[in-house]
Amino acid sequence: MFSFTRTLGARLSGVTARFASTAANAAKPTYKAPASVTVPTQFKPNTKGQGLMQLIAKEEVKRMGADGRSKLFNKSHPDCLRPGDVVLVETLNSMSADKTSTFVGVLIAMDRRGLHSNFTVRNVVLKVGVEMKYMLYSPMIKSVRIMKRGEGFRRAKLFYLRDNPGRAFRLEGLVKQDKAAQAKKAAKSA
Amino acid sequence: MASLLSSFRAGLRTGLNTECRSFVTAATQPATWTHKSLRTGVIARKKGMTAMWDEWGVRIPVTVLQLEQCQVVQVLNEETHGYTALQIGSTDRTPKNVTQPMLGHFTKAGVEPKRKLFEFEVTPDAVLPVGTELVASHFVPGQFVDCSAPTMGKGFQGAMKRHGFGGQPASHGTSLTHRSLGSTGQRKDPGKVFKGKKMAGRMGGEQATVQSLKVMKIDNDLNLLYVKGAVPGVDDQFIKVRDAVKKRGNKIAPADVLPLPFPTIQPEALKAMPRELVAKTGGSDPYVMKE
């Protein structure tokens, strides 16, 4: 901690050199967080070569992306999402319960904004077009799985699928296949 | 980066120049808070906005405020000045860019020349010695603060934007007067336009206070305050931050973080704290349907 307290301690220990040993042996004061305060994963700040806002954004990404979800937006990673992929997003309904909601659809947009990175998934559910926008680093997102890689999509944003869907949203077969595969996996592991 | 190094230097400076004046030491009796006490505020710099997620998964916009070498420069008292206040200075300045009168003022206090000076009225029990450095932990996570600063300048603006006037219809014969302010008064009586009539003019650049903003997070290493919501002014603006006036007594912060550090955070308590502390929103889960 770069604060005046450290220099005071250094100054005091310099003045009272005779008591240096006792000062070193003195109990380090501890902080006990009250119930209304959380202590997140601590990092050491390194402002070299970047401004304050970049630094805190990077730290927050490291903290929120500790489960490895940053790889979904990292172009150099083989597991990166690409527009046109069919993805399954599992979100928690609330933080107090384990119940989840699932949404399957075509990834039509990815916005790379650091901590605020988000992606849009589109599907046609009961003849109604539904788009869901998810914040990548939201704690409510449990998992994002790629069910099928997109082929033949040559744009970064597939908004044209709203008017010209073609066969892009015929996903029932995929969902069935995936369910069967999941059940098999569960049976195997059980 | 500069601020980190500067705060380190400030610590060295206060240690070397002001032996007994740097902060409230254990030797002096820390004053006890009463319901009539009024702590000092701080000067912080608005660094920008970002977002964070609370314990319920709700996304909260936050403004990042940084305390840059925030020190007490002068103590104003009842006998000499007629009221009790602390003059706080923020952000060091090179002495060659400071006028001689101001240099004398800062030398008397024994602090580096500051870029901005503001007064904060306090009660006599909350007075701090000259040279005391105010840090982010002067506030606690979860407490409410008021932020004051000049608003962003909007230039010369019409009455519709400046005062929220309705304008005239877009069609049905209206000629060349869609956004004008319309009538400015009556007829022969009073026969004049009253002073203060709302008209077009320069908008913005005035002092505004946003009240009862919650402190969501405190960073002790970088001296940052993350307050929920928006704060007036541009980035790098000097913001006056103080305890919310509309949250008296126990409403200022959650019960388990009370009492607020009075008159400011003690060095021992500060040393014990981890770098970052996040406030919980509290209450019940908003995503769970209440029966």
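Residues numbered from 1 in each chain as written. Chains lettered and ligands numbered in written order. Predicted model: local features only at pLDDT ≥ 70, side-chain atom pairs only at ≥ 80, totals over all residues. Heavy atoms only, no water.

Explanation requested: the overall build of chain A in the structure shown.
Helix and strand counts for chain A come out as four helices and six strands. Taken from N to C terminus, the helices and strands of chain A fall in the order α-α-β-α-β-β-β-β-β-α. When the 190 residues of chain A are sorted by exposure, 37% land in the buried category. A separation threshold of at least 6 residues defines the contact pool for chain A, and within that pool the share at least 24 residues apart is 53%. In the structure as shown, chain A presents an accessible area of about 11900 Å², 55% of it carried by carbon and sulfur atoms. (Helix = DSSP H or I, 4+ residues; strand = E, 2+ residues; numbered from the N terminus. Buried < 20%, exposed > 50% of the residue type's maximum accessible area, 1.4 Å probe, protein only. Contact = heavy atoms within 4.5 Å. Areas by Shrake-Rupley, 256 points an atom, 1.4 Å probe, with all protein chains shown as cover.)

What is the right way to look at the interface of chain A and chain B in this model?
Each partner contributes residues to the interface: chain A has 44 residues there, and chain B has 51 residues. Roughly 4300 Å² is buried in total at the junction of chain A and chain B, and carbon and sulfur atoms are behind 65% of that figure. At the junction of chain A and chain B, the tally comes to three salt bridges. Counting across the interface, chain A meets chain B through 14 residue pairs in polar contact (both at pLDDT 80 or more). (Buried area = accessible area lost by both parts, 1.4 Å probe. Salt bridge = Lys/Arg side-chain N within 4 Å of Asp/Glu carboxyl O. Polar contact = N/O pair within 3.5 Å; in protein donor to acceptor, adjacent residues only side chain to side chain.)

Is there a simple way to think about the pattern of salt bridges in this case?
If the charged atoms of two oppositely charged side chains come close together, the side chains can form a pair. Residue and element names in this part refer to chain B. One pass over the full model with this rule turns up 18 salt bridges over all chains. For Asp-236, the salt bridge goes to Lys-47, with nearest N and O atoms at 3.1 Å. Here Asp-236, found in the loop between strand E10 (224-228) and strand E11 (238-243), pairs with Lys-47, found in strand E1 (residues 42-53); they are 189 residues apart in sequence, far enough to count as distant. Under the relative-accessibility criterion, Lys-47 is labelled buried at 18%.

Please explain the pairing of strand E5 (residues 128-135) of chain A as it appears in this structure.
Side-chain positions along a regular strand alternate between the two faces of the sheet. Residue and element names in this part refer to chain A. As judged from the eight bridges shared by strand E4 (residues 118-125) and E5, these two strands associate in the antiparallel manner. If you follow Val-121 over to E5, its bridge partner there is Met-132. The antiparallel pairing of E4 with E5 creates a hairpin that spans two residues between the two strands, and Leu-126 there sits at a positive phi of about 50 degrees. (Pairing = 2+ DSSP bridges.)

What exactly am I supposed to notice about the sheet that holds strand E5 (residues 114-121) of chain B here?
Two pairing modes exist for strands in a sheet, parallel and antiparallel, and in both the strands are linked by backbone hydrogen bonds. All names here are of chain B. One open sheet accounts for three strands, arranged E3-E4-E5; its pairing is antiparallel. Each of the sheet's edge strands pairs with one partner strand only, and the pair in question is strand E3 (71-76) and E5. The mean inter-strand angle of the sheet, taken between neighbouring strand axes irrespective of direction, is 25 degrees. Pairing geometry for E3 and strand E4 (residues 85-92), over five bridges, is antiparallel. Bridge pairing in E4 places Val-72 opposite Ile-88. (Axes fitted to C-alpha atoms, helices over the stretch in contact; angles between N-to-C directions.)

Explain the sheet that holds E4(A) here, please?
Residue and element names in this part refer to chain A. Pairing is antiparallel in the open sheet, where five strands are placed in the order E5-E4-E3-E2-E6. Each having just a single partner strand, E5 and strand E6 (141-148) make up the two edges of the open sheet. Across the sheet, the mean angle from the axis of one strand to that of its neighbour is 40 degrees, orientation sign disregarded. Of the pairings in the sheet, the one linking strand E3 (residues 100-111) to E4 comprises five bridges and is antiparallel in character. In the sheet register, Met-110 faces E4, and the bridge partner there is Phe-119.

Which parts of the structure should I look at to understand the nonpolar core?
Nonpolar side chains in soluble globular proteins generally cluster together in the buried interior. By size, the foremost hydrophobic cluster in this structure holds 29 residues, and its most contacted members are B:Leu65, B:Ile88, B:Val145, B:Cys147, B:Leu225 and B:Val241. Where this core is concerned, the elements lending two or more residues are E1, E4, strand E6 (144-150), strand E9 (207-219), E10 and E11 of chain B. Within the second largest apolar cluster, 20 residues are counted, among which are A:Phe73, A:Leu115, A:Leu136 and A:Ile141. (Core = buried A, V, L, I, M, F, W, Y, C linked by side-chain atoms within 4.5 Å.)

Just to check I follow, could you spell out the pairing of E4(B) for this structure?
Residues and elements named next belong to chain B. Burial analysis of E4 places eight of its eight residues in the buried class, which makes it a mostly covered element. Sheet topology places E4 next to E5; seven bridges connect them, and they run antiparallel. Residue pairing for E5: Ser-90 is matched across the bridge by Lys-116.

Just to check I follow, could you spell out the side chain of A:Arg63 for this structure?
One can find A:Arg63 in helix H3 (residues 52-64). Sequence-distant contacts of A:Arg63, that is, excluding residues within four places in its chain, are made with A:Pro40, A:Thr41, A:Gln42, A:Phe43, B:Lys217 and B:Glu276.

I tried to follow the confidence of the model for chain B on my own but got confused; where do I start?
Low pLDDT means the predicted coordinates in that region are not meant to be read closely. With 90% of its residues at a pLDDT of 70 or more, chain B shows a mean pLDDT of 88. Per-residue pLDDT stays below 50 along residues 1-28 of chain B; that stretch engages in 55 contacts with residues further than four places along the chain or on separate chains. (pLDDT = per-residue confidence, 0-100.)

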